[in-house]
Amino acid sequence: MELDELVRSSGEWLRGSGPQSDIVMSSRIRLARNLADYPFISKAAESDRAEIERTLHDAVVKASASPHLQYLDVDKLAGLDRQFLVERQLISREHAESEGARGVAIDAGEQVSLMVNEEDHLRIQVMHSGLDLEQAWEQINHIDDLIADHVTFAYNERLGYLTACPTNAGTGMRVSVLLHLPALVLTRQIEKVFRSLQKINLAVRGLYGEGSQAMGDFYQISNQITLGRTESSLVKQVGDVVPVIIDYERRARSALIQESQENLHDRVSRAYGILRTAQTISSEETMHLLSSVRMGVNLGLLPDLEIPTVNKLFIHTQPAHLQKLNGAELGTADRNIERAKYLREHLNKGDGKSSQN
Amino acid sequence: MKCQKCEKTATFHITELTGGKPQELHLCEECAREYLTQPDSSDGTPASLAGALAQQLAVGQTAADLARLDQQACPVCGITFFEFRNKGRLGCPHDYVCFEKELDPLLLNIHGETRHVGKHPRRSAADTDSQTQLIRLRREMKEAIAAEDYERASELRDEIRQVKEGTG
Ligand SMILES: [Zn+2]
Ligand SMILES: [Zn+2]
């Protein structure tokens, strides 16, 4: 199973490169599309779903929408593999947990994912590391065109692309950026940012890890409106606000340093210390501590660590990743022990101790 | 940031479409769990979109009108308006046409617009009528098979084939 090749890497959105990647984890765009000659998923019979899946699977392959696409039959994947793809942000939780014929095509670089039979017949997603919305839009626009040469999408002159939920009608487009905002959280300014974003119709969500725990000060900002604006203006709307938030976050970081460099350094070092020595640790605590460490690295407080390493730890300590890396299914208690072991191994490499792996 | 329901720190930020406008809820873990696990709603119509819609429809609508509206069904996929209100999901592309009068205020509420100005498929859209006809014919064929009316089912299958050839 080629899925295993993905396990050792960390995926596009955690590559830790691209513009502003100390604060912007990833830029993501998705387009919702439906076949014109089939009912939406809620009214699709099993046989409809199977035909939709076949039609779109064929179209995606024929269109060679992206080089080196690998198509996975999600219905046939083991639960652990589905969860792995969710953690990797290549499929949605809903897609992993629903039933019936459905699939996903993923490119080798993990920038492109095409979900078949999610809430809509087709959900095209393009994800770039760092702040890179314009290029992501160019890429997804092209992929959409290529696929549309092989199928007819439900489209109405007045309302645009027709989607299962009216909240997505029109462009069917969701533009989002994933931001790491630890200083705004620490200085309790995040609420203010939320409020100002809501006023301009942008949605903010925390990123969730295992179960429903909020994950390491990551926030996703996206457009709410999909109808009555051009795609470029939606890209611009989200793109324009990001530098403002980046600026807030940087100022909050400077404020923390000015207020008390010692306190901040202490906080970061303690977090690092726990991660390097813990014998058992939950996913939630790991996220929380890694968030401090990540900020510390970006502020030059932890010179022997690098951002890609920290990003890798964020994803590899997630439950499904941990189990895939271990090659075995583990209960919560065992996962917490394995997670601590993994962290120790990867964070103690630099100081002369022998390092496994 | 404090939880909206108690004094703890809000760590959950949930977008809900209640009252017609997307709304952010800020809750602590405990309240969020409670919120997320509560059944859709006590009166059978779930939160989110359907709630928004119901509220909007209640304005200037008598109970009898609403009941009548709820029974309206899409001739293509068979979804009733009540079903849509409940699930917040439409049944087929034709719903945007047959429920236009009801959906337009909703779209206006969500997007502030009812006219698409973005991209369109490169190929000019194929004949929409025959596309929706295919959805209806497939459904009728399934119904015929379920009723063991195989003669009707095979007629329908031929019709589907013809329509498909027509649209190329
Ligand atoms: Zn609370
Ligand atoms: Zn319909």
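Coordinates for the structure precede this section.
Report follows, based on the coordinates. (Residues numbered from 1 in each chain as written. Chains lettered and ligands numbered in written order. Predicted model: local features only at pLDDT ≥ 70, side-chain atom pairs only at ≥ 80, totals over all residues. Heavy atoms only, no water.)

## Some remarks on the overall build of chain B
The number of helices and strands found in chain B is eight helices and two strands. Seen in sequence order, chain B has helices and strands lined up from the N terminus as β-β-α-α-α-α-α-α-α-α. Looking at chain B as a whole, 40% of its 168 residues qualify as buried. Across chain B, the fraction of contacts at a sequence separation of at least 24, relative to all contacts at a separation of at least 6, is 39%. For chain B, the exposed surface amounts to about 9,200 Å²; the carbon and sulfur share of it is 50%. (Helix = DSSP H or I, 4+ residues; strand = E, 2+ residues; numbered from the N terminus. Buried < 20%, exposed > 50% of the residue type's maximum accessible area, 1.4 Å probe, protein only. Contact = heavy atoms within 4.5 Å. Areas by Shrake-Rupley, 256 points an atom, 1.4 Å probe, with all protein chains shown as cover.)

## What about the nonpolar core?
Residues and elements named next belong to chain A. By size, the foremost hydrophobic cluster in this structure holds 109 residues, and its most contacted members are Leu85 and Ile147. Ranked by residues supplied to this core, first place goes to helix α8 (residues 231-277) with 14 residues. Excluding anything up to four places from it in sequence, Leu85 contacts Leu3, Leu72, Leu77, Leu90, Ile91, Val104 and Ile106. (Core = buried A, V, L, I, M, F, W, Y, C linked by side-chain atoms within 4.5 Å.)

## Here we look at the pattern of salt bridges
A complete count under the given rule lists 30 salt bridges over all chains for this structure. Its salt-bridge partner being B:Lys142, residue A:Asp48 comes within 2.8 Å of it at the nearest N-O pair. In this pair, A:Asp48 is assigned in helix α2 (residues 46-62) and B:Lys142 in helix α7 (residues 128-146), connecting two distinct chains. Taking the relative accessible area as the measure of exposure, B:Lys142 reaches 27% and is therefore partly exposed. Across the pair B:Glu140 and B:Arg152 runs a salt bridge, and its minimum N-O distance is 3.6 Å. Residue B:Glu140 is found in helix α7, and its partner B:Arg152 is found in helix α8 (residues 150-167); the two are separated by 12 residues along the sequence. Given a relative accessible area of 32%, B:Arg152 falls into the partly exposed group. Residues participating in the shared-partner salt-bridge network are A:Glu118, A:Glu119, A:Asp120, A:Arg123 and B:Arg89. (Salt bridge = Lys/Arg side-chain N within 4 Å of Asp/Glu carboxyl O.)

## Observations concerning the coordination of the zinc ion (ligand 2)
Residue and element names in this part refer to chain B. Every protein donor of the zinc ion (ligand 2) is listed here as Cys74 (SG), Cys77 (SG), Cys92 (SG) and Asp95 (OD), and their distances to the metal cover 1.9 to 2.3 Å. Spacing between the donor residues of the zinc ion (ligand 2) along the chain follows C-x2-C-x14-C-x2-D. Pair noted here: Cys74 is in the loop between α3 (63-71) and α4 (81-87) and Asp95 is in helix α5 (residues 95-98), with a separation of 21 residues, a long-range link. Asp95 sits in the buried class, given a relative accessible area of 0%. (Donors = N, O, S within 2.8 Å, 3.2 Å for Na, K, Ca; no water.)

## Thoughts on the packing of aromatic side chains
In total, this model carries five aromatic pairs over all chains according to the counting rule given. Arranged with centres 5.0 Å apart and planes meeting at 65°, the rings of B:Phe81 and B:Phe99 form a pair that is edge-to-face. Pair noted here: B:Phe81 is in helix α4 and B:Phe99 is in the loop between α5 and α6 (100-111), with a separation of 18 residues, a long-range link. Of the two residues examined, B:Phe81 and B:Phe99, each falls in the buried class. Members of the aromatic cluster, each reached through a chain of ring pairs, are B:Phe81, B:Phe84 and B:Phe99. For the cation-ring pair, B:Arg138 lies above A:Tyr38, with the distance from its terminal atom to the ring centre recorded as 3.8 Å. (Phe/Tyr/Trp six-rings, centres within 6.5 Å; stacked < 30°, edge-to-face > 60°. Lys NZ or Arg CZ within 6 Å of the ring centre and 35° of its normal.)

## Here's the deal with the interface of chain A and chain B
Contacts between the two partners involve 60 residues from chain A and, on the opposite side, 51 residues from chain B. Between chain A and chain B, a total of about 4,900 Å² is buried, with carbon and sulfur atoms accounting for 55% of that surface. Of all residues in chain A, the largest losses of buried area upon contact with chain B belong to A:Lys43, A:Arg158 and A:Pro166, amounting jointly to 15% of the total for that side. Where chain A packs against chain B, one counts nine salt bridges. Viewed at the interface, chain B and chain A are joined by 20 residue pairs in polar contact (both at pLDDT 80 or more). Those elements that provide at least two residues to the side of chain A that touches chain B are α2, α5 (133-148), β6 (155-156), β7 (160-161), α7 (190-199), β9 (202-208) and β10 (214-223) of chain A. Looking at the side of chain A that touches chain B, the element that brings in the most residues is α5(A), giving six residues. (Buried area = accessible area lost by both parts, 1.4 Å probe. Polar contact = N/O pair within 3.5 Å; in protein donor to acceptor, adjacent residues only side chain to side chain.)

## Details of the packing of helix α9 (residues 283-298) of chain A against helix α10 (residues 307-316) of chain A
All names here are of chain A. Remark: α9 packs on α10, axes separated minimally by 10 Å, with the N-to-C direction vectors making an angle of 170°. Considered as vectors, α9 and α10 are oriented roughly antiparallel to each other. Contacts between α9 and α10 involve Met287, Leu290, Ser291, Val293, Arg294, Val297 and Asn298 from the first element and Ile307, Val310, Asn311, Leu313 and Phe314 from the second. In terms of residue class, the contact of α9 with α10 is made up of eight nonpolar, three polar and one charged. (Axes fitted to C-alpha atoms, helices over the stretch in contact; angles between N-to-C directions. Parallel < 35°, antiparallel > 145°, perpendicular 65-115°, else oblique. Nonpolar A, V, L, I, M, F, W, Y, C, P; charged D, E, K, R; others polar.)

## Comments concerning the side chain of A:Asp132
Residues and elements named next belong to chain A. Position of Asp132 among the secondary structure elements: in the loop between β5 (122-129) and α5. Residue classification places Asp132 among the buried residues on the basis of a relative accessible area of 18%. In this structure the side chain of Asp132 is engaged in a polar contact, spanning 2.8 Å, whose partner is the side chain of His128.

## Focus on the environment of A:Gly16
Residues and elements named next belong to chain A. As for its placement among the helices and strands, Gly16 is situated in the loop between α1 (3-8) and β1 (24-33). Assessed through its relative accessible area of 22%, Gly16 is described here as partly exposed. Spatially, the C-alpha atoms of Gly16 and Ser129 are 6.5 Å apart, while their sequence positions differ by 113 residues. In contact with Gly16, not counting residues within four places along its chain, are Ser21, Ser129, Ile307 and Asn311.

## Focus on unusual backbone geometry
All names here are of chain A. A positive phi angle is found at Gln89, which is not glycine, with a value near 65°. Along the chain, Gln89 falls in the loop between α3 (79-87) and α4 (93-97). One non-glycine residue, Glu110, lies in the positive phi region at around 60°. Its place among the elements puts Glu110 in the loop between β3 (103-107) and β4 (112-116). A residue is classified by how much of its surface remains accessible, and Glu110, at 4% relative accessible area, is buried.

In short, shape yes, function no, at least from these values alone.
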